[in-house]
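# A look at the structure
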Amino acid sequence: GAGVSQSPSNKVTEKGKDVELRCDPISGHTALYWYRQSLGQGLEFLIYFQGNSAPDKSGLPSDRFSAERTGGSVSTLTIQRTQQEDSAVYLCASSLVPPPQWDTQYFGPGTRLTVL
Amino acid sequence: EDKVVQSPLSLVVHEGDTVTLNCSYEVTNFRSLLWYKQEKKAPTFLFMLTSSGIEKKSGRLSSILDKKELFSILNITATQTGDSAVYLCAVLCFLSSGTYKYIFGTGTRLKVLA
């Protein structure tokens, strides 16, 4: 079956522009996660969804970041007024059930965002 | 502040060597610790550990958790070039808001030479 997909795979934008990153989770997975990985750094946990609801948004780096999920499926991460420090690989993952119940997270290939 | 620290940052070994990767953590409301292998972009899951002293094993890889000393190790025996990757450690924490978050270390970059 299909894995987690993300689009676009690469995005180059100018400082100040808004960008939307998309994640299609594995069908039937109720939990969806967004992470950011800056060059040479580990993963930074941003937000997770249980169904369409994000229980805690405090992991988002600033109020320029927002995320939504519709229909229990596709999620978009929106960054408004992008800054150079937003440049990173944004990874999405999904799992059959959300924490604390355990299930393996399956990661997508990521979107590499470059802000010029 | 919650943190997860991995060591060493990088490691170069020869095929057949055994390696031990370390992960220590300081978090509130620990729930579980996870190990991932990241070869290119997408990490792949290796182990989840919740109880101290119980070794998880998969082929040449094994891992154990010490909740008293707040660390975990990942062992790889008889290393192969295909083991070359970044190994990530993450801790799942319960938040006072009633939700959860994952805290990742910066990873250990392992290179196995033929």
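Residues numbered from 1 in each chain as written. Chains lettered and ligands numbered in written order. Predicted model: local features only at pLDDT ≥ 70, side-chain atom pairs only at ≥ 80, totals over all residues. Heavy atoms only, no water.

This part takes up the overall build of chain A. Helix and strand counts for chain A stand at zero helices and 10 strands. In terms of overall size, chain A behaves like a compact globule, its C-alpha atoms giving a radius of gyration of 13 Å where 116 residues would be expected to give roughly 13 Å. Along the three orthogonal principal directions, the C-alpha set of chain A runs to about 40 × 30 × 30 Å. A burial count over chain A gives 48% of its 116 residues as buried. Expressed as a percentage of contacts within chain A between residues at least 6 apart in sequence, the contacts between residues at least 24 apart total 57%. For chain A, the exposed area adds up to about 5300 Å²; of that, 46% sits on carbon and sulfur atoms. Seen as two clouds, the 10 positive and the 11 negative side-chain charges of chain A have centres 4 Å apart. (Helix = DSSP H or I, 4+ residues; strand = E, 2+ residues; numbered from the N terminus. Rg over C-alpha atoms; globule rule 2.2 N^0.38 Å. Buried < 20%, exposed > 50% of the residue type's maximum accessible area, 1.4 Å probe, protein only. Contact = heavy atoms within 4.5 Å. Areas by Shrake-Rupley, 256 points an atom, 1.4 Å probe, with all protein chains shown as cover. Lys, Arg positive; Asp, Glu negative; His and termini not counted. Charge placed at Lys NZ, Arg CZ, Asp CG, Glu CD.)

The next point concerns the nonpolar core. In terms of nonpolar packing, the biggest core is built from 24 residues, with Tyr25(B), Leu33(B), Trp35(B) and Val91(B) touching the most fellow members. Secondary structure elements with two or more residues in this core: strand S3 (19-26), strand S4 (30-38), strand S5 (44-49), strand S7 (61-66), strand S8 (71-76), strand S9 (85-94) and strand S11 (108-113) of chain B. Here this core takes five residues from S9(B), the largest share from any one element. Leu33(B) has contacts with Cys23(B), Tyr25(B), Phe47(B), Met48(B), Leu49(B), Leu65(B), Ser72(B), Cys89(B), Ala90(B) and Val91(B), leaving out every residue within four places of it along the chain. One finds Val4(A), Trp34(A), Phe65(A) and Val115(A) within the second-largest nonpolar core, a separate group that totals 21 residues. (Core = buried A, V, L, I, M, F, W, Y, C linked by side-chain atoms within 4.5 Å.)

Before going further, it helps to examine the sheet that holds strand S3 (residues 19-24) of chain A. All names here are of chain A. Ordered in space as S1-S3-S7-S6, the four strands form an open sheet in which the pairing is antiparallel. Each edge of the open sheet carries a strand with a single partner, namely strand S1 (5-7) and strand S6 (65-69). For this sheet, the mean angle separating the axes of adjacent strands, direction not counted, is 15°. Relative to strand S7 (residues 75-79), S3 is paired through five bridges, and the arrangement is antiparallel. If you follow Cys23 over to S7, its bridge partner there is Ser75. (Pairing = 2+ DSSP bridges. Axes fitted to C-alpha atoms, helices over the stretch in contact; angles between N-to-C directions.)

Before going further, it helps to spend a moment on the interface of chain A and chain B. Listed per partner, the contact involves 22 residues of chain A and 20 residues of chain B. Linking chain A with chain B are zero salt bridges. At the boundary of chain A and chain B, one finds two residue pairs in polar contact (both at pLDDT 80 or more). Of the residues belonging to the side of chain A that touches chain B, the class tally is 12 nonpolar, eight polar and two charged. (Salt bridge = Lys/Arg side-chain N within 4 Å of Asp/Glu carboxyl O. Polar contact = N/O pair within 3.5 Å; in protein donor to acceptor, adjacent residues only side chain to side chain. Nonpolar A, V, L, I, M, F, W, Y, C, P; charged D, E, K, R; others polar.)

This paragraph deals with the sheet that holds strand S1 (residues 3-7) of chain B. Note: strands within a sheet are paired through backbone hydrogen bonds, in either parallel or antiparallel orientation. Residues and elements named next belong to chain B. Here we have five strands laid out as an open sheet, ordered S1-S3-S8-S7-S6, and antiparallel in their pairing. Two strands lie at the open edges of the sheet, namely S1 and strand S6 (56-58), each paired on one side alone. In this sheet, neighbouring strand axes are inclined to one another by 15° on average, regardless of whether the strands run parallel or antiparallel. When S7 meets S8, the two strands line up antiparallel, connected through six bridges.

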